[in-house]
Amino acid sequence: MTDSSNPLNSNTLKAAFREALKSATKGSSGMEFLLMATSDGYALCDTISDGSNINRDSLAAMAASFAGISDGLASQSNKPAANGSIIETNAGLLVCKQLKSNRHEVVLLGAFEQSTNHGIALWSLNKVVSDVLAILENYN
Amino acid sequence: MALILGTYGFSPYERKLIQEQLKVIDSKVACQWMYAGETTEAALLLAKKPCHKGTQAVQVRLYKPVDKNSESRQTHYIDAEWPLRIFGLLDIVQQTEKIINNNSAAQSGTATTNETAALIKKLTALKSGNAIYQLNNQLLAALTEENRRTFIYSRLPVSALGDALRKNKHIEIGNAVDNATQLPHKYPLIALLWDLELEADLPASDLSQWEQRRYSLGQWPDFKWLRTGDNVLRLSAAFTKRPLSIQEAATLLKIEPGAVIRFLKACTTVGLRITDTRIRGAQARLAASPNEQQGKQLSLLSSLRKRLKMAFS
Amino acid sequence: MQIQNKVLFIGPMGAGKTTAIQTLSDDVAASTEVQNSNKEMFNKETTTVAMDYGAIQLDDNQRIHLYGIPGQKHFEPVWPVVAKGAIGAILLVNASQPNWQQDTLYFIKAFDMLAKSNSILVAANRITDEQHDELAELLDQQGYCLPLLTTDPRFHDELVLALNILIANLEIEISIDD
């Protein structure tokens, strides 16, 4: 089957995202990693450590699917499109946010340690969201 | 089947009455009956005759074809009470239909079977550039070759052309005319052959010829062109899944063995890959009575099929 | 064991899975479509990212559920999640797409369990007679004995035939003990 390359191929944009994600991960305690993907599932950038066995591409696709399901779920419940959703696991939270600009739709996934509660996780991720939105708004 | 009913010696009022009664019983009879008025040329003729008690009775004369190829007719007589009431007429018409059906069934194993087989053989040999004409030189169909496949152009859709060929004993093969490809219906020759085989009667010798082996189908029929139906789909599914004998397939699908043979003959005629082996082992293991779970599943599938049929109609 | 009543629509992006489910579904089908960021691969505005869902209501309060997978290869990890419990699959392919034949084989292999029980039906659209014959030959060469239809996912009656074939196949599957 035809494989596809990353469609958001602007290196400048990706570099800006990567920097935003890196500084957010460093500055927030309890944040394991961040991953950004297009809303149709292509990995854009992440802060997953090189030695990790996480498959970035699969994770990006799953994050986009999860965001898609969240939107569908919200719509079926007569709610407006979802802004984000949370998965609770025994090993910590996964928080997914949908970000939209005039030109792009992206998904941001944050993985948090077990000790991080919902409030801290959402607060930390929302900070990254504003940074990413600013980049998206300023990007031409 | 359309049949003619006639009367002899009936007054205009009585004729009108018969016509009205025929309309009333229309939904309760199998054939399409048409009233031809006063005539002696009808499949069913109602004739008044004087009765020994001084009243009148109606004599029903039924002309029954003895042999489809000959003009000879056999006549049956039934007596009925006069005045003829609706249920009396219904009874006569139903009896007539029964006699006609029995007659057709008795004949089906002989001339018709051979004729269809000969017709299929004749059609299989047709090539691009050939055309099929009726007796009055009317073009029925023309053949062309496109992408290694022989196509038919015709004024008739495939099932109607099959019917026309089966009924018409005087078809001739000639050359296609130039504008034959402008005819409205186009389908491959195999679609016509498939239809003819599925409708053909089977001689008794076919049953014994097919019943000693197990068959499996290496390809699904091409339903882009070939007529489907519940039996055709399930037979295709069965024979593509595993080798089955005629009897096993008939038991599995709860159909007549003849229908299974017709299907396999149709598959052979259209060139599908069939492999056969001599029956050695025990009968294929069929789920004799489905367990509760299987029963529920089958019931669900049956509901879905009904629902799809409704939506489709 | 639960009654299996889930039919899957599989195939690459742009093959018509979402359309097919919308065509067959009694109610408005639910979908998870988002902006397509990769128009080089297929020039359409939106693409499915998680699944499509529709249903056919049966007479006796039972439903047949129709699920569509996201067609792009990077969603492959999602496929088994959507496919779980499916009784059969309709593999839609668009013969006007490049590599459509390889894509067909790719999906048959990806849904190997269904292919092994002949519970996949290939429904090709925008296909010429010649391409149809080529595909039949290819499937045959690869040892797959699967029904092949020409199906426009916008047309209800063509999809109904596809579903009828799957039903026939499943009935036989249940009735023969292997």
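Reference entry: report on the structure contained in this document. Only a predicted model underlies this, so the values are computations on that prediction, with no experimental measurement involved.

### A closer look at the overall build of chain B
Line of reasoning, step 1. In terms of helices and strands, chain B carries 9 helices and 13 strands.
Line of reasoning, step 2. In chain B, which comprises 313 residues, the share counted as buried stands at 43%.
Line of reasoning, step 3. Residue pairs at least 24 apart in sequence account for 68% of intrachain contacts in chain B once pairs closer than 6 positions are excluded.
Line of reasoning, step 4. Total accessible area on chain B is roughly 16,800 Å²; 50% of this is exposed by carbon and sulfur atoms.

### Digging into the pairing of strand β5 (residues 86-94) of chain C
Residues and elements named next belong to chain C.
Line of reasoning, step 1. The element β5 is largely enclosed, with a buried count of 9 among its 9 residues.
Line of reasoning, step 2. Relative to β5, strand β1 (residues 6-10) runs parallel, the two being bridged by 5 bridges. Bridge pairing in β5 links I10 to L91.

### Section: the packing of aromatic side chains
Line of reasoning, step 1. All told, the structure shown has 10 aromatic pairs over all chains when counted by the stated rule.
Line of reasoning, step 2. Judged by centre distance (5.2 Å) and plane angle (45 degrees), the rings of W210 of chain B and Y215 of chain B are tilted.
Line of reasoning, step 3. Note on Y215 of chain B: relative accessible area 6%, which makes it buried.
Line of reasoning, step 4. With a centroid separation of 6.4 Å and 80 degrees between ring planes, the pair formed by W79 of chain C and Y106 of chain C is classed as edge-to-face. Of the two residues, W79 of chain C sits in helix α2 (residues 79-83) while Y106 of chain C sits in helix α3 (residues 100-110), which places them 27 residues apart along the sequence.
Line of reasoning, step 5. Relative accessible area serves as the criterion here: at 2%, W79 of chain C is assigned to the buried category.
Line of reasoning, step 6. Across the ring face of F151 of chain B, the terminal group of K186 of chain B is positioned such that the distance to the ring centre comes to 4.5 Å.

### Description of the interface of chain C and chain A
Bring the parts together and some accessible area is lost; that lost area is often taken as the interface size.
Line of reasoning, step 1. Between chain C and chain A, the residue contacts involve 25 residues of the former and 23 residues of the latter.
Line of reasoning, step 2. For chain C, the biggest contributors to the area lost against chain A are Q35, S37 and H74 of chain C; these three give 27% of the whole.
Line of reasoning, step 3. Taken together, the links from chain C to chain A amount to 0 salt bridges.
Line of reasoning, step 4. For the pair chain C and chain A, the interface holds 4 residue pairs in polar contact (both at pLDDT 80 or more).
Line of reasoning, step 5. Listed by contribution, the elements that provide at least two residues to the side of chain C that touches chain A are β2 (30-35), β3 (46-57) and α3 of chain C.

### Notes on the pattern of salt bridges
Line of reasoning, step 1. Enumeration over the complete set of coordinates arrives at 16 salt bridges over all chains.
Line of reasoning, step 2. With its nearest N and O atoms 2.7 Å apart, the salt bridge here joins E146 of chain B to K186 of chain B. Placement of the pair is E146 of chain B in strand β7 (residues 139-146) and K186 of chain B in strand β10 (residues 185-188), with a sequence separation of 40 residues.
Line of reasoning, step 3. The partly exposed category is assigned to E146 of chain B, whose relative accessible area is 24%.
Line of reasoning, step 4. Between K241 of chain B and E173 of chain C there is a salt bridge, with the nearest N and O atoms lying 3.2 Å from each other. In this pair, K241 of chain B sits in helix α6 (residues 230-241) while E173 of chain C sits in helix α6 (residues 156-175), so the two residues belong to two different chains.
Line of reasoning, step 5. A relative accessible area of 23% places K241 of chain B in the partly exposed class.
Line of reasoning, step 6. The exposure class assigned to E173 of chain C is partly exposed, which follows from its relative accessible area of 26%.
Line of reasoning, step 7. Through salt bridges with shared partners, a single ionic network connects D46, D50 and R56 of chain A.

### Observations regarding the interface of chain C and chain B
Line of reasoning, step 1. Listed as interface residues are 46 residues of chain C and, on the opposing side, 42 residues of chain B.
Line of reasoning, step 2. Of the roughly 4,200 Å² buried where chain C meets chain B, counting both sides, 62% is carbon and sulfur surface.
Line of reasoning, step 3. Put simply, chain C and chain B have 4 salt bridges between them.
Line of reasoning, step 4. One salt bridge in this structure joins D129 of chain C and K224 of chain B, with 2.3 Å as the shortest N-O distance.
Line of reasoning, step 5. Joining chain C to chain B, the criterion identifies 5 residue pairs in polar contact (both at pLDDT 80 or more).
Line of reasoning, step 6. Going through the elements one at a time, β3, α5 (129-141), β7 (148-150) and α6 of chain C are the ones with two or more residues in the side of chain C that touches chain B.
Line of reasoning, step 7. It is α6 of chain C that contributes the most residues to the side of chain C that touches chain B, 16 residues altogether.

Parameters at a glance
- Residues numbered from 1 in each chain as written.
- Chains lettered and ligands numbered in written order.
- Predicted model: local features only at pLDDT ≥ 70, side-chain atom pairs only at ≥ 80, totals over all residues.
- Heavy atoms only, no water.
- Helix = DSSP H or I, 4+ residues; strand = E, 2+ residues; numbered from the N terminus.
- Buried < 20%, exposed > 50% of the residue type's maximum accessible area, 1.4 Å probe, protein only.
- Contact = heavy atoms within 4.5 Å.
- Areas by Shrake-Rupley, 256 points an atom, 1.4 Å probe, with all protein chains shown as cover.
- Pairing = 2+ DSSP bridges.
- Phe/Tyr/Trp six-rings, centres within 6.5 Å; stacked < 30°, edge-to-face > 60°.
- Lys NZ or Arg CZ within 6 Å of the ring centre and 35° of its normal.
- Buried area = accessible area lost by both parts, 1.4 Å probe.
- Salt bridge = Lys/Arg side-chain N within 4 Å of Asp/Glu carboxyl O.
- Polar contact = N/O pair within 3.5 Å; in protein donor to acceptor, adjacent residues only side chain to side chain.

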